[in-house]
Amino acid sequence: MLALRQRLRALTLTSVLVAIIFIAGCARVHSSKPLNDSDEGFWTGRLSLQIQSDPVQSFHAGFELKGRADKGELTLISPLGSTLGVLRWSSEEAVLDPGNHSLQRFESIDALTAHATGAAIPMTALFAWLRGDNATASGWSADLSRQSEGRVSAQRTQPTPEATLRVILDQ
């Protein structure tokens, strides 16, 4: 009887230790640095772009945005976590790296985003919108009413076709 109790205690202790290790393995390490930091020029989340063309075009991806409007990097991520492409830009050029070692070069970030997503995204305004500043962009109007919740949306009415951009920041 004593041996059975000892085995049950050992089994219980082993089960508790396995559960603790399993739970610890699932835990996220929280850093003191926020996920989205306008001071550091870093944001992460999801974005969608819908273009009212015929047929309607929709683009959805996770993203990491680093830098500033004049020099930065936008990584687009599939729902399964693979990198769809990396857009890098500076005042000299804009480059699309689709991950297959065949870089595509563009004269501007507008031309690059139009190629990558189907519509030119106003990057200067987007950086401002993410900071909560209601910057203007030709043909675009932003809704920042939920920016404090990490949600930004913008509508493009000109040039046609109309487009809707939605950004949801990770919290």
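As a reminder, the structure under discussion sits directly above these lines.
Worth saying up front: this structure is predicted, and the values here are computed from it rather than measured.

Peer 1: Would you explain the overall build of the protein chain in this entry?
Peer 2: If you tally the helices and strands in the protein chain, you get three helices and nine strands. In the protein chain, the order of α-helices and β-strands from amino to carboxyl end is α-β-β-β-β-β-β-α-α-β-β-β. For the protein chain, buried positions account for 34% of its 171 residues. Counting only contacts in the protein chain whose residues sit at least 6 apart along the sequence, the fraction spanning at least 24 positions is 31%. Entry remark: accessible area of the protein chain is about 11000 Å², with carbon and sulfur atoms responsible for 54%.

Peer 1: Explain the sheet that holds strand β6 (residues 104-106) to me, please; I cannot follow it from the model alone.
Peer 2: Hydrogen bonding along the main chain pairs the strands of a sheet, whether they run parallel or antiparallel. Spatially, β6-β5-β4-β3-β2-β1-β9-β8-β7 is the arrangement adopted by the nine strands of the open sheet, whose pairing is antiparallel. Every interior strand has two partners, whereas the edge strands, β6 and β7 (140-143), have only one. In this sheet, adjacent strand axes meet at a mean angle of 20° when their direction is disregarded. Note that strand β1 (residues 42-51) and strand β2 (residues 57-67) share 10 bridges and pair antiparallel. Counted as the bridge partner of Leu 47 is Ala 61 from β2.

Peer 1: What is the right way to look at helix α3 (residues 123-131) in this model?
Peer 2: The α-helix winds at 3.6 residues per turn, so residues separated by three or four positions along the chain end up facing the same way. Burial runs high along α3: seven of the nine residues are buried. Buried within α3 we find Met 123, Ala 125, Leu 126, Phe 127, Ala 128, Trp 129 and Leu 130. Positive phi appears at Gly 132, one or two residues downstream of α3, with a value of about 95°.

Reading the values: rules and limits
Residues numbered from 1 in each chain as written. Predicted model: local features only at pLDDT ≥ 70, side-chain atom pairs only at ≥ 80, totals over all residues. Heavy atoms only, no water. Helix = DSSP H or I, 4+ residues; strand = E, 2+ residues; numbered from the N terminus. Buried < 20%, exposed > 50% of the residue type's maximum accessible area, 1.4 Å probe, protein only. Contact = heavy atoms within 4.5 Å. Areas by Shrake-Rupley, 256 points an atom, 1.4 Å probe, with all protein chains shown as cover. Pairing = 2+ DSSP bridges. Axes fitted to C-alpha atoms, helices over the stretch in contact; angles between N-to-C directions.

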